[in-house]
Each structure stands twice: as structure tokens, then as C-alpha cells.
Amino acid sequence: MRMPPKARLMPSPALICLGEPMVEFNHTDPQEPRWLQGFGGDTSNAAIAAARQGASVGYVTALGRDLFGDRFIDLWQRENVDCACVARRDDAHTAVYFVTHDAQGHQFHYLRRDSAASRLGPADLPRDYLAGARILHLSGISQAISPAARDAGFAAIEIVKAAGGQVSYDTNLRLKLWSLDKARDTIHAAIARADIALPSFDDAEQLTGLSDPDAIADFYLRLGPPIVALKLGKDGALLATPQTRQRIAAQRVDAVDATGAGDTFAGAFLAQVLEGCDPLAAARWANAAAALKTTGFGAIAPMPSRAAVAAFLR
């Protein structure tokens, strides 16, 4: 399933995200049978977060030729995310997930096996479109959903790097999709080719065996990326480069749902980098955007606009 020639000839956005979008059903009230329908998928979330911060963003994936696929196209068009290189398949479905909440936090339940996105392989990539990006963003999930997706991720990295672009990588470890050994090998091989590493602390503990944030930052810097933004959840973030290191305190908000907070951080961070901000300023902005996202339910709806983040930081 190759992309149509006309899609490959369109100008490329500055940021292109690659991965698996998922329709979301969020059980916001355990006492009620109702579910809030929304949208998720880590790199799709990051794409929308970046677009809301004013970045030029595109998305590369495959969707089923179904109702949920149609809704994603509508969503991206509303959110100013270019979807000219999103493929549609008759032989596979758009993935779905459910979010429940309990004393341990939010829990995820998936219906994603053999999704359309999982069938997107290296031969299906829109090479010219990817080559025009300034930054490619992908994640562990982008590569965990199938062997074809794993190979597509590495192929996309090489296309962008060969064209002079940068690569951003979010660990987003999901051990329901693959073993820790396979995840570690793939994620660390990809991060070794990345320019920006966006691990989360919980992921990094499992992937590296380390529990000190500074040691984790050192580990990822040694792999190769010159920028590491370690997401620490309710404890804020740690920004590390070979020249500087800064802990960024968490913002105080009335948090109700952390779904998509890390993706919001990623998208907001990359949007600021594309504007020319230094990594520390970008991390501070992204930290605020992620905090604001937690004040509402769902991955997408509570993501703040650029104006909202600016007002919050004032």
C-alpha cells in the first residue's frame, strides 16, 4: 500500500509525527455507565499539542476505512494537522482504547491488534514528505505495535536524517506490546539516532535499571542525543544537554486526568524548539502545557492553546 504520488508532492510541515492514532473512550465517573468519546494515540496527541502551540505539523499513519478513521481525518483538519499522507485501508480497522480510573490512577485497555497503523511498513512511507521535515517525532509505541511498524520507524528516521532533519523520540514504554528486552533494544537503538530524547521517568527506570533522574539523563546523553528532556510527572521535568542541566519544578494545578500529559509536553516542547527557543525555555513552556492538560478529562480536549500557556506562565 504505497502513498499516492500527489500526497508525496505536497510541501512538508516543519514537524511530522509518525505512529498509531486511537479512538478513546474515557470512563470519567466510576458511578455512571457513560463513556466520554475522544481521541488518543501518543504521537497524534503530540501532533495536536504542537499545532495548538502554533507549529506547522503533519501526521503519517494508516487508518481503517471506517467511521473512526473518518473522525480522525475530521479531527486533524480541525486542529490544523496536515493529513495528506495518511493512508486508508479496507483490510484493517482504526484502533480503539478505553481509560478507567481508580486509586492507582488511570488504566488503559486496548483493542488495537492488527490495526491499520500496525500494517504500515517501510515501503508505505511517503519518503519525499518525510525528507522535507525539520523534525520527525516518533515513539516506542510507534515501533512496538508490529514488526512492520518497528522497521517503518527506523526507515523514517534514516530518511529524515539523510535529508538533514532532526529526530525526536519519546520512550512511551508499553510492555503489553512487547517484552522489556525487545523494547530496550529497539528504543535505545532509535534514541541513539535521535537529536531529542523525551523519556518519562517510569519508562526510563525499567529501560535503564536506574532510579536517579540525573543518572538517567546521563545514560541517554551517552547514547547520542544532545538534548534530553526527562519527564518526571508530578515532579516536573529535568532538562539536560552536554553543557547544562536544570530541574524544572512542577506547576500547581487541580489535576483530574493525566492521560496525554506526556504527549502534550512533547508536542509543546517541539513547537518551541521549532520557533528557535533554547531547550531550557522549551522545557519550561512544555512543563506548563502538560500541567494545564491534566485539568480536564481525555487526551485531546484539555490540551491548552499557546495563549493559555502564556497566560498561565504570567
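Residues numbered from 1 in each chain as written. Predicted model: local features only at pLDDT ≥ 70, side-chain atom pairs only at ≥ 80, totals over all residues. Heavy atoms only, no water.

(A) Structural detail: the overall build of the chain. Across its full length, the chain carries 12 helices and 14 strands. Taking 314 residues into account, the globule formula puts the C-alpha radius of gyration at 20 Å, and the chain, at 18 Å, falls close to it. Seen along its three principal axes, the alpha-carbon backbone of the chain occupies a region of about 50 × 45 × 40 Å. As displayed, the chain offers around 12900 Å² of accessible surface, 50% of which is attributable to carbon and sulfur atoms. On the chain, the mean spot of the 32 positive side-chain charges and the mean spot of the 34 negative ones are 3 Å from each other. (Helix = DSSP H or I, 4+ residues; strand = E, 2+ residues; numbered from the N terminus. Rg over C-alpha atoms; globule rule 2.2 N^0.38 Å. Areas by Shrake-Rupley, 256 points an atom, 1.4 Å probe, with all protein chains shown as cover. Lys, Arg positive; Asp, Glu negative; His and termini not counted. Charge placed at Lys NZ, Arg CZ, Asp CG, Glu CD.)

(B) Molecular detail of the side chain of Ser44. By secondary structure assignment, the location of Ser44 is in helix H2 (residues 42–52). Once residues lying within four places of it in the same chain are set aside, the contact partners of Ser44 are Pro21, Tyr59, Phe72 and Trp76. (Contact = heavy atoms within 4.5 Å.)

(C) The pairing of strand S4 (residues 57–64), seen in detail. With 8 of 8 residues buried, S4 lies mostly within the body of the structure. With burial as the criterion, each face of S4 is covered, one bearing Val57, Tyr59, Thr61 and Leu63 and the other bearing Gly58, Val60, Ala62 and Gly64. The pairing of strand S1 (residues 15–18) with S4 spans 4 bridges and is classified as parallel. Across the sheet, residue Leu18 finds its bridge partner in S4, namely Val60. Where S4 lies against strand S5 (residues 81–82), 2 bridges are found, and the strand directions are parallel. Its bridge partner being in S5, Val57 is matched across the sheet by Val81. Taken together, S4, helix H3 (residues 67–78) and S5 constitute a β-α-β crossover, and its handedness is right-handed. In the sheet, S4 pairs with strand S6 (residues 86–89) via 4 bridges, with the strands oriented parallel. Considered in S6, the bridge of Thr61 is made with Val86. (Buried < 20%, exposed > 50% of the residue type's maximum accessible area, 1.4 Å probe, protein only. Pairing = 2+ DSSP bridges. Right-handed = clockwise from strand over helix to strand, strands pointing away.)

(D) Here's a closer look at the nonpolar core. Ranked by size, the top nonpolar core spans 57 residues in total, and within it Leu15, Val57, Trp76, Val81, Leu239, Phe265 and Phe269 carry the most contacts. No other element matches the 9 residues that helix H11 (residues 279–293) contributes to this core. In contact with Leu15, other than residues within four places in its own chain, are Ala50, Ser56, Val57, Gly58, Ile135, His137, Leu270 and Leu274. Listed in part, the 44 residues of the second largest apolar core include Leu18, Ala144, Val160 and Leu207. (Core = buried A, V, L, I, M, F, W, Y, C linked by side-chain atoms within 4.5 Å.)

(E) Looking closely at the packing of helix H6 (residues 147–162) against helix H7 (residues 180–191). Where H6 contacts H7, the two axes come as close as 11 Å, and the packing angle between them is 10 degrees. It follows that H6 is roughly parallel to H7 by the angle criterion. Contacts between H6 and H7 involve Arg150, Phe154 and Ile157 on the former and, on the latter, Thr186, Ala189 and Ala190. (Axes fitted to C-alpha atoms, helices over the stretch in contact; angles between N-to-C directions. Parallel < 35°, antiparallel > 145°, perpendicular 65-115°, else oblique.)

(F) Spatial organisation of the confidence of the model for the chain. In the predicted model, the chain carries a mean pLDDT of 93, and the fraction of residues at 70 or more is 97%. The low-confidence segment residues 2–8 (pLDDT under 50) makes 17 contacts with residues lying over four places distant or belonging to another chain. (pLDDT = per-residue confidence, 0-100.)

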